[in-house]
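For reference, the chains in residue letters:
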Amino acid sequence: MYTQAMDLAGAPTLAPASTPEEAAFNARIAADRKVEPRDWMPEAYRKTLVRQISQHAHSEVVGMLPEGNWITRAPSLKRKAILMAKVQDEGGHGLYLYAAAETLGVSRDQMLEALHAGRAKYSSIFNYPTLTWADMGAIGWLVDGAAIMNQIPLCRCSYGPYARAMIRICKEESFHQRQGFDIMLALSRGTTAQKAMAQDALNRWWWPVVQMFGPPDKDSVHSGQSAAWGIKRISNDDLRQKFIDATVPQAELLGLTIPDPQLKWNAERGHYDIGPIDWDEFWRVVGGEGPCNRERLATRVEAHEAGAWVREAALAHARKQGARARKRAA
Amino acid sequence: MERKEWPLWEVFIRSKQGLDHRHVGSLHAVDAKQAVQMARDVYTRRMEGVSIWVVPSEAITASDPDDKAEMFDPMADKVYRHPTFYKLPKEVEHM
């Protein structure tokens, strides 16, 4: 069995195969070919994928909550229509991902149960509150921007259904980032109060977004093995750097200041250097102590439980109709 | 125990260009009518298609991945089935 102890020091390699099936699997990964649902795969590979894909799906679904809060308060009909379309997309993304995870033999109910019982995680970013309209801009621009950085390499992931879901998601995601940037642009070109609102949103969201890429490579528990399996293609730190390098000039264009006094272009590295990241805060929020963890989960559970009678009634109705149709045919 | 999870359906969409219906994903729905409605909401939000098929996932019979070699390898050495196998004299410009 593979272990989780490998890290990214040096090129990731697969453990030697002990059975012919395992050798065939390793050869497929080495040749960069896709693994499909009914192909043999190591149990740990399956488990890693179920964990990652279901967490990803949960993040899409929980991610609808902070934005859904603002649909009724969007400042114009245009912004309202855009926000509704975005939230609807997130629901769709959750569906694509749950469906990809279901091909690995886990049921939708099992995954939802794990989320609702607090056993499964979702992206820690959604445990922060959305206090002003500018937060809708910051989320689209920064959170979705970071998500795209994370997700583009996943389009080449070794597991076919996950890779295909990610291709579809990435296609839709770029609208999300642009609409967020568009909100920030309007605010930063607006009144002094509007610009201050945009700056405040950037101040609150910047560090949580930088943390979204996960712990530094030297501390990342899952990265090494995931890289060997072709699930994770680019390391946390490399993706984070890429995001920062792309985002700093955009903030300058908006005339906003990134809340990091140590942020500085490093000509030698060809990258921006940043100040220290507060990993204690990251682990606190992941561990359930963020500002909104309890509220988000409670809202999700309530929505699921309040909808139970609809799901049951729809199923009962369909069964009755089916039975009637069969009787008529007989 | 009674199953409470809605049945799984596979969704196929045909784009405007008139190509074949293509598998785009799956979803849970109580019956075919609802599956079509949901497929419309999930898979055609950006004018991806003008026709939808839904099929109960359990109705699909798939080839066995373990039979891949005997199923598909025999085709690997039949290059004469492709037009590029045939060398045409230079004088024949298009064929």
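Residues numbered from 1 in each chain as written. Chains lettered and ligands numbered in written order. Predicted model: local features only at pLDDT ≥ 70, side-chain atom pairs only at ≥ 80, totals over all residues. Heavy atoms only, no water.

Quick word on unusual backbone geometry
A negative phi angle is the norm for most residues apart from glycine, just as the trans form is the norm for most peptide bonds.
Then step 1. Backbone geometry at Asp32(A) places phi at a positive 65°, although glycine is not the residue there.
Then step 2. Looking at the secondary structure, you find Asp32(A) in the loop between α1 (20-30) and α2 (43-62).
Then step 3. Residue classification places Asp32(A) among the partly exposed residues on the basis of a relative accessible area of 49%.
Then step 4. For Met47(B), which is not glycine, the phi dihedral falls at a positive 55°.
Then step 5. Mapped onto the fold, Met47(B) is located in the loop between α1 (32-43) and β3 (51-56).
Then step 6. Look at Met47(B) and you get exposed, because its relative accessible area is 69%. (Helix = DSSP H or I, 4+ residues; strand = E, 2+ residues; numbered from the N terminus. Buried < 20%, exposed > 50% of the residue type's maximum accessible area, 1.4 Å probe, protein only.)

What to know about the interface of chain A and chain B
Then step 1. If you look at the interface, chain A gives 22 residues, while chain B gives 24 residues.
Then step 2. When chain A packs against chain B, the two sides together hide about 1900 Å² of surface, and 47% of this comes from carbon and sulfur.
Then step 3. When the buried area of chain A at its contact with chain B is split by residue, Arg38(A), Arg168(A) and Leu315(A) rank highest and sum to 25% of it.
Then step 4. Here chain A is connected to chain B by six salt bridges. (Contact = heavy atoms within 4.5 Å. Buried area = accessible area lost by both parts, 1.4 Å probe. Salt bridge = Lys/Arg side-chain N within 4 Å of Asp/Glu carboxyl O.)

Overview of the packing of helix α4 (residues 77-102) of chain A against helix α7 (residues 160-188) of chain A
Residues and elements named next belong to chain A.
Then step 1. Packing of α4 against α7 brings their axes to within 10 Å, and their N-to-C directions diverge by 160°. Of the possible angle classes, the one that applies to α4 and α7 is roughly antiparallel. For the crossing formed where α4 meets α7, the hand is left-handed.
Then step 2. Its residues placed into classes, the contact of α4 with α7 shows 13 nonpolar, three polar and nine charged. (Axes fitted to C-alpha atoms, helices over the stretch in contact; angles between N-to-C directions. Parallel < 35°, antiparallel > 145°, perpendicular 65-115°, else oblique. Left-handed = near helix turned anticlockwise from the far one by under 90°. Nonpolar A, V, L, I, M, F, W, Y, C, P; charged D, E, K, R; others polar.)

Digging into the sheet that holds strand β1 (residues 8-14) of chain B
All names here are of chain B.
Then step 1. One open sheet holds the three strands; their spatial order is β2-β1-β3, and the pairing between them is antiparallel. Two strands in the sheet have a free side with no partner beyond their single neighbour: β2 (22-28) and β3. On average, each strand axis in the sheet is inclined to that of its neighbour by 30°, with strand direction left out of account. (Pairing = 2+ DSSP bridges.)

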